[in-house]
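# Residue-level structural notes
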Amino acid sequence: MCIIFGQNHVAKNIIVIDPGHGGIDSGAIGINYIQEKNVVLDIALEILRLNKTILNNEFDIFLTRYKDTLISLSDRSRLTKSIKANVFLSLHCNASTVASKGVEIYLHNSDNLNTKESILLGLSVLNESSLKLGLKKRGVKFADFQVLRETCVFCPAILVEMGFITNYDEANYFLKPSNIRAMALAVLMGLYNYLNMEL
C-alpha cells in the first residue's frame, strides 16, 4: 500500500499595484517640481520590497509598470483580469489650484459585487495612512475613473490619492526616501489589514 502525504498549500493573495501615469505622461507637477509619475513608482517599488523584507512575501504583488514607461489604462485592467487579481490599487498624487492637503480614496461609482469590498479596502488604507502618518483624512469618494471602471468588475479596486504635491509640506514630504518608505508601508499594511479581516 502506498500512502502519499500532501502538503497544505495556501494560495497567496494576488495584488496589482498600479503606479499611475509614466513615460510622456508625468501626471501632476509638484510645487518643488517633483513629478507624480516618479513619486508613485518609487512608492510602488518600495511596497514590493517591504512585502519581501517585512511580510516574507505574504502577497504575490505585480506592478503595472516597473520603470518610467506609459502603460494604457486598458492594459492595466487587462493585467488585473489575466492574473485573476484579488485586489487592485492605483497609486496617485493629488493636485489643486487651491490650498488642499491630505489623503483620499476613490472607488468606481457603480454598484457591483465588489463595491462593498472596495469600500472596506479603501477605509483600511485610508485609516492606516492617516493614523500612522498623521496625514489629513479626506475620505472615501466615488468617481468614474476608467482604470477603476474596468477593474472593479474583477476584484475590489481603489485609487489612492496620497497627498497633494501642489501643497508645500506634502510635496516636500515626498522628497525624503524615509517618507516614501513610510507611505509604502501604510499602503501595504492597509492591504494586509483588509485581507486578514477577510479571512
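What counts, and where the lines are drawn
- Residues numbered from 1 in each chain as written.
- Predicted model: local features only at pLDDT ≥ 70, side-chain atom pairs only at ≥ 80, totals over all residues.
- Heavy atoms only, no water.
- Buried < 20%, exposed > 50% of the residue type's maximum accessible area, 1.4 Å probe, protein only.
- Helix = DSSP H or I, 4+ residues; strand = E, 2+ residues; numbered from the N terminus.
- Pairing = 2+ DSSP bridges.
- Salt bridge = Lys/Arg side-chain N within 4 Å of Asp/Glu carboxyl O.
- Core = buried A, V, L, I, M, F, W, Y, C linked by side-chain atoms within 4.5 Å.
- Axes fitted to C-alpha atoms, helices over the stretch in contact; angles between N-to-C directions.
- pLDDT = per-residue confidence, 0-100.
- Contact = heavy atoms within 4.5 Å.
- Left-handed = near helix turned anticlockwise from the far one by under 90°.
- Nonpolar A, V, L, I, M, F, W, Y, C, P; charged D, E, K, R; others polar.

For the rest of this paragraph, the subject is the pairing of strand β3 (residues 87-94). Of all eight residues that make up β3, eight are buried, and the element is covered over most of its length. Burial of β3 is two-sided: the residues Val-87, Leu-89, Leu-91 and Cys-93 facing one way and the residues Phe-88, Ser-90, His-92 and Asn-94 facing the other way are all buried. Alignment of strand β1 (residues 14-19) against β3, held across five bridges, turns out to be parallel. The residue bridging Ile-15 from the neighbouring strand is Val-87, located in β3.

What follows deals with the pattern of salt bridges. Following the criterion strictly, the structure yields nine salt bridges and no others. Each of Glu-46, Arg-49 and Arg-181 takes part in one network of salt bridges that share partners.

Core analysis: the biggest nonpolar cluster contains 40 residues, and Ile-17, Ile-43, Leu-89, Leu-91 and Phe-174 have the highest contact counts within it. The dominant element in this core, judged by the number of residues it contributes, is helix α6 (residues 177-197), at eight residues. Within the second largest apolar cluster, 13 residues are counted, among which are Ile-14, Val-16, Tyr-106 and Leu-159.

For Asp-111, the location among the structural elements is in the loop between β4 (103-108) and α3 (115-133). Through-space distance from the C-alpha of Asp-111 to that of Gly-134 is 31 Å; in sequence the pair is 23 residues apart.

Spatially, β2-β1-β3-β6-β4-β5 is the arrangement adopted by the six strands of the open sheet, whose pairing is mixed. Looking along the sheet, the strands with just one partner apiece sit at the ends: β2 (60-63) and β5 (137-143). Averaged over all adjacent pairs, the angle separating strand axes in this sheet is 25°, with direction ignored. As paired elements, β4 and β5 share five bridges and run parallel to each other.

Here we take up the confidence of the model for the chain. When pLDDT is averaged across the chain, the result is 93; 94% of the residues are at 70 or more. Note on residues 1-7: pLDDT under 50 across the span, and zero contacts to partners over four residues away in sequence or across chains.

Two quantities define a packed helix pair, namely the angle between the axes and the distance from one axis to the other. Here helix α1 (residues 36-53) crosses α6 at 65°, and the two axes come no closer than 8 Å. Along this stretch, α1 crosses α6, giving a crossing that reads as right-handed. Together, Val-39, Asp-42, Ile-43, Glu-46, Ile-47, Arg-49, Leu-50 and Asn-51 of α1 and Ile-180, Arg-181, Met-183, Ala-184, Leu-185, Val-187 and Leu-188 of α6 make up the contact between the two elements. Considered class by class, the residues forming the contact of α1 with α6 number 10 nonpolar, one polar and four charged.

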